[in-house]
Amino acid sequence: MDSRYIVLALPVFALSILLEILLSARRPQLRYHLHDTLGSLSCGISQQVLLGFLSVGGFVVYQLVQQHASLFAISPSSPLAWVALLFLDDFCYYLYHRASHRVNFFWATHVVHHQSEEYNLSTALRQSGLTGLTSWLFYLPIALLGFPLLMWLTMHTFNILYQFWIHTRLISRLGPLEWIFNTPSHHRVHHGINPRYIDRNHAGIFILWDRLLGTFAAEDKEPVYGTVKPLASFDPIWANLSDWQRLWQMSKATSRLRDKIWVWLAPPEWRPADLGGPVTVPEIERTEQRKYDVTTPRPLNAYAVFVFVSALAGGIVFLQWNAGWPLWQRIAIAVELLWALWAWAAVVEERRGIWAIEIVRSLSLAPLGLLLPLSLKVAWLGFLVVQLAFLAAVAVPQQRAASLGK
Ligand SMILES: [Zn+2]
Ligand SMILES: [Zn+2]
């Protein structure tokens, strides 16, 4: 997916999220939670930053297959071809998404999208940073049929953007549309961890695939959202790595060679016999769920929001313009962005040593000013002064309180 389409869609995302926040303000059960929202958005920004690096290989293979092994010569000027592509891309998405829930190797990346225990429009933007490495495999049949890369990318971006609005609890049912389209109600089921909702409704745009292939479930009561084993962290880097660690540890701990390999291909509930065998998903009620959150002093929250907003602004600049930058510059700025997206979460979770790390991170931002034109160098200097002053104002009292043992 071209990140510049996402930049164009940002005002729509932002306004829709603002509207949802306003509409849910008087309903406590629907209210947004600051840390959860920032956590989801951080996963989304890091995914977009990484996508430019990780999806290149997939695009190259797609283009090679389309140019050298395709069955037909398909023209982007044919309306019929676009209609066919709408369904084809959506069906490939269904297969990719179903595999992402049934094969550990794919689930380890897709799990990120499901980790939020809330369900709102910010959850839609919670995406896995590593998806770009594997998802393209499922779309090679489209290349084989002969659809040009740009044509497929355009339709695929539309497919992904469609899925934004269905992440809401504000829309209940949509009458006859529920038969054909993936709707908020159907997708709420998909995010549910109640046993009867697990691995249901993998649709992108059309719910038809689930209805036809036996993976459909209707929403009879509101699901409990999240993952069966909660992440219990707002750290977007850990969100992307935690399931890989789970699989690695399981693979190391089990004794049979066959099981060590099968761990990576098995469904998520599978466990080797010597580690206790398969897990059953327990029944859960909404009133029983203890959602993860941390109580953070206000100044720390304010500083964390500042760090997040600066990473968001940097992320937008990166997505819009990085294609023309040298590789080393793209890598350096991507690392700073990921570091900042990690940092706000480490601040609110009050990780050990975070203030020393924040000093190092703040200083590491200084050389980036050298890349800017003269007029922007002054603005960058101003940003660095505010960053360091804010850090000092928050960190010094924290350190003093810690040394007094408060
Ligand atoms: Zn899913
Ligand atoms: Zn979703």
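Remember, predicted model here, so these are calculated numbers, not experimental data. Along every chain, residues carry numbers that run from 1 in the direction the sequence is written. Naming scheme: in the order in which they are written, chains are lettered from A and ligands are numbered from 1. With pLDDT at 70 or above as the cut-off, local features in this predicted model cover only qualifying residues; side-chain atom pairs require 80 or more to be listed or tallied, and sums for whole chains, interfaces and linings still use all residues. Neither water nor hydrogens contribute to the side-chain values; these are computed over all heavy atoms in the structure.

A.B. asks: Just to check I follow, could you spell out empty space enclosed by the protein for this structure?
C.D. replies: Rolled over the atoms, a probe as big as a water molecule pinpoints where empty space is left. Buried and open spaces are told apart on a 1 Å grid over the protein atoms alone, a cavity being a set of points where a 1.4 Å probe fits but cannot get out and a pocket being an open set with protein on both sides within 12 Å along at least five of seven lines. Residues with an atom within 4 Å of a point are the lining residues. Grid points are joined across faces, edges and corners, and a volume is the space filled by probe spheres set on the points. Inspection of every chain in the model, using the stated rule, returns 1 cavity of 30 Å³ or more. Size it by volume and the largest cavity reaches roughly 40 Å³. Along the walls of the largest cavity sit Glu20, Ser24, Leu30, Tyr32, Tyr119, Asn120, Thr168, Arg169 and Leu170, which together make up its complete lining. Amino acid classes used here: Ala, Val, Leu, Ile, Met, Phe, Trp, Tyr, Cys and Pro are nonpolar; Asp, Glu, Lys and Arg are charged; the rest, including Gly, are polar. Tallied by class, residues from the lining of the largest cavity come to 4 nonpolar, 3 polar and 2 charged.

A.B. asks: Could you clarify how one ought to interpret the domain arrangement of the protein in this entry?
C.D. replies: One frequent convention defines the size of an interface as the accessible area lost when the parts assemble. Those domain boundaries reflect an automatic or database domain assignment. The domains assigned to the protein are domain 1 (3-213) and domain 2 (298-399). A straight line from the C-alpha centre of domain 1 to that of domain 2 covers 29 Å. Throughout, buried area stands for the accessible area (probe radius 1.4 Å) lost by two parts on being put together, summed over both. Counting each side, the surface lost to burial between domain 1 and domain 2 is near 1600 Å², with a carbon and sulfur contribution of 84%. Sorting the residues of domain 1 by area buried against domain 2 places Ile45, Val49 and Phe53 first, and these three jointly supply 33% of that buried surface. Whenever Lys or Arg places a side-chain nitrogen within 4 Å of a carboxyl oxygen from Asp or Glu, that contact is recorded as a salt bridge. Here domain 1 and domain 2 share 0 salt bridges between them. Nitrogen and oxygen atoms within 3.5 Å of one another constitute a polar contact, given that in protein one can donate a hydrogen and the other can accept it, and given that sequence-neighbouring residues count only through two side-chain atoms. Connecting domain 1 to domain 2 are 2 residue pairs in polar contact (both at pLDDT 80 or more). Among the elements that make up the side of domain 1 that touches domain 2, the one with the highest residue count is helix α2 (residues 34-54) (13 residues). Here the residues of the side of domain 1 that touches domain 2 are counted per class, giving 9 nonpolar, 7 polar and 1 charged. What counts as a helix is a DSSP run of H or I of at least four residues, what counts as a strand is a run of E of at least two, and both are numbered from the N terminus.

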